[in-house]
Amino acid sequence: MHASGWNVAAACIEPLYNMFMTADEVVVTIDLPFVTAKKIRLRHLSSDAIEVYAETSRMISFKDLGIKHRHGEFTCYHARIKVPAPIKRKMTSKLKRGVLEVHIERLG
Amino acid sequence: MRVMSTRLFSDDGFRILETADIPSDLVLINGLPDVGLVGLLAASHIVRALRLEEVGAIASVMLPPMIVLHGGVPKLPVRIFANSSIAVLLSETALPGSFLRTLADGVVDWSKKKKIQLMLSLGGMAVANRQDIDVPKVFAALSEKGLEKRLQGAAEVMEEGYIVGAYGLLLRKCAEESIPAMALLTQSYYDYPDPQAAASSLNAVNKILNLKIDVEELLRKGEEIRLRSKDMMHRTHEEMQRMNKPHEFDLPPLYG
């Protein structure tokens, strides 16, 4: 698991994510409230990492969430996710109930 | 801040501070951080919907040294709310596994002295295919046979399995002390906040206790709730991993 982050400088939130492996693939799930499928970009970074970037449907601020002593406005999610097995470039994904499920074939 | 009266129901390292009169014979609903934050989301919604008064808190050296500010007022993170018939115990911090036995013993001892008539613990049951489930189902683990009738058909009884964490300990301790108790576990994501599962959990609570709590707000504000609860879910997930929560996916090797 990873540190939950609010990157004020980049206006980006690091989303919650998790993953599991089958014999053939690595499945990564990412929780993306306030995101539509069209605004999601997935990138194969290397044989053991992917990147997800998603624009939110509206700007989210700490103030909206009732926090007055911290300042921050966020318009996207961003995460670089290391996976525990070598993976191919091709990925398929589906967004359902605000959770993105990414299927990546394992190498070898 | 005026403390009306502080009665300490104490044992070493664990205190239940009562800051208002708490009647006897209540139903106690537990909403502790757990799978999908289902219980915490459901319990906090009950507190808002029924406008329960804050009546106490749990203090312990085994909890993280912290307070939480609400409306500018410093509060202990584990608090009790109540009206004349229902009490709710919830926690705004992830509870360390090392604290849970003390918590279970302390809460059940307090419940016995308060003559709690029924304890309901609300939580999640992680399922791999949560994304394909439109209406999460509720399962119930019971402290004693015969409690099935009180479910009013709201949940299916769990016959076999593991429950790791506070709710398992509370259930077992209630069984020892003959306090009727149920753990209501709703299908949910393991480590993403799940307001929809919380709504299903509340629908079950409504049936069992003959209440009419409206869950519409939980569903309508689902995305905001998920985002606001993100950090809490992350911390809860860390504690769940430490106490080997995935053991709940295992099949018990023996029968009976």
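In what follows, the structure referred to is the one given above.
Note that the coordinates shown come from a computational prediction; the quantities given were computed from them, not determined experimentally. (Residues numbered from 1 in each chain as written. Chains lettered and ligands numbered in written order. Predicted model: local features only at pLDDT ≥ 70, side-chain atom pairs only at ≥ 80, totals over all residues.)

(A) Looking closely at helix α4 (residues 195-209) of chain B. All names here are of chain B. In this model α4 runs 21 Å from its N-terminal to its C-terminal C-alpha over 15 residues, within 8% of the 21 Å that 1.5 Å per residue would give. Burial analysis of α4 places 11 of its 15 residues in the buried class, which makes it a mostly covered element. Taken together, the buried positions of α4 are occupied by Pro195, Gln196, Ala197, Ala198, Ala199, Ser200, Ser201, Leu202, Ala204, Val205 and Ile208. Looking at the packing, one finds that the buried side of α4 touches α1 (38-49), β9 (118-126), β10 (138-142), β12 (181-188), α5 (216-220) and α6 (222-228). Positive backbone phi, approximately 55°, marks asparagine 210, located one or two places after α4. (Helix = DSSP H or I, 4+ residues; strand = E, 2+ residues; numbered from the N terminus. Expected span 1.5 Å × (residues − 1). Buried ≥ 20, exposed ≤ 12 C-beta atoms within 10 Å, placed from the backbone. Contact = placed C-beta atoms within 7 Å.)

(B) Molecular detail of the packing of α1(B) against α4(B). All names here are of chain B. Running from N to C, α1 and α4 cross one another at 60°; their axes reach a closest spacing of 8 Å. Taken together, the axis directions place α1 and α4 in an arrangement best described as oblique. Considering how the two elements wind past one another, α1 and α4 form a crossing that is right-handed. Residues Val38, Leu41, Ala42 and His45 of α1 form the contact with α4, whose own contacting residues are Pro195, Ala197, Ala198, Ser201 and Leu202. Here the residues of the contact of α1 with α4 sort into 7 nonpolar, 2 polar and no charged. (Axes fitted to C-alpha atoms, helices over the stretch in contact; angles between N-to-C directions. Parallel < 35°, antiparallel > 145°, perpendicular 65-115°, else oblique. Left-handed = near helix turned anticlockwise from the far one by under 90°. Nonpolar A, V, L, I, M, F, W, Y, C, P; charged D, E, K, R; others polar.)

(C) Fine view of the interface of chain A and chain B. Each side of the interface is counted separately: chain A has 14 residues, and chain B has 13 residues. Residues that form the side of chain A that touches chain B fall into these classes: 7 nonpolar, 3 polar and 4 charged.

(D) Up close: the nonpolar core. In terms of nonpolar packing, the biggest core is built from 99 residues, with B:Ala43, B:Ala87, B:Val88, B:Met119, B:Leu170, B:Ala183 and B:Leu184 touching the most fellow members. Discounting residues that sit within four places of it in the chain, B:Ala43 has contacts with B:Ile29, B:Gly31, B:Val88, B:Leu90 and B:Leu122. (Core = buried A, V, L, I, M, F, W, Y, C linked by C-beta atoms within 7 Å.)

(E) Structural context of the sheet that holds strand β4 (residues 25-31) of chain A. Residue and element names in this part refer to chain A. The strand order across the open sheet formed by 4 strands is β3-β4-β9-β8, and the pairing between neighbours is antiparallel. Edge strands, defined here as strands with exactly one partner in the open sheet, are β3 (17-21) and β8 (87-96). Between one strand axis and the next, the sheet turns by 20° as a mean value, whatever way the strands run. Bridge analysis of β3 against β4 gives 5 bridges, and the strand direction is antiparallel. Residue pairing in the sheet places methionine 19 in a bridge with valine 28 of β4. (Pairing = 2+ DSSP bridges.)

(F) Representation of the environment of A:Leu45 in the model. With respect to the helices and strands, A:Leu45 occurs in strand β5 (residues 40-46). Setting aside residues up to four positions removed in sequence, A:Leu45 forms contacts with A:Ile50, A:Glu51 and A:Arg80.

(G) Fine view of the sheet that holds strand β1 (residues 5-7) of chain A. Residues and elements named next belong to chain A. With mixed pairing, the 5 strands of this open sheet are ordered in space as β1-β2-β7-β6-β5. Every interior strand has two partners, whereas the edge strands, β1 and β5, have only one. Averaged over all adjacent pairs, the angle separating strand axes in this sheet is 25°, with direction ignored. Bridge analysis of β1 against strand β2 (residues 12-14) gives 3 bridges, and the strand direction is antiparallel. Opposite asparagine 7, over in β2, you have cysteine 12 as the bridge partner.

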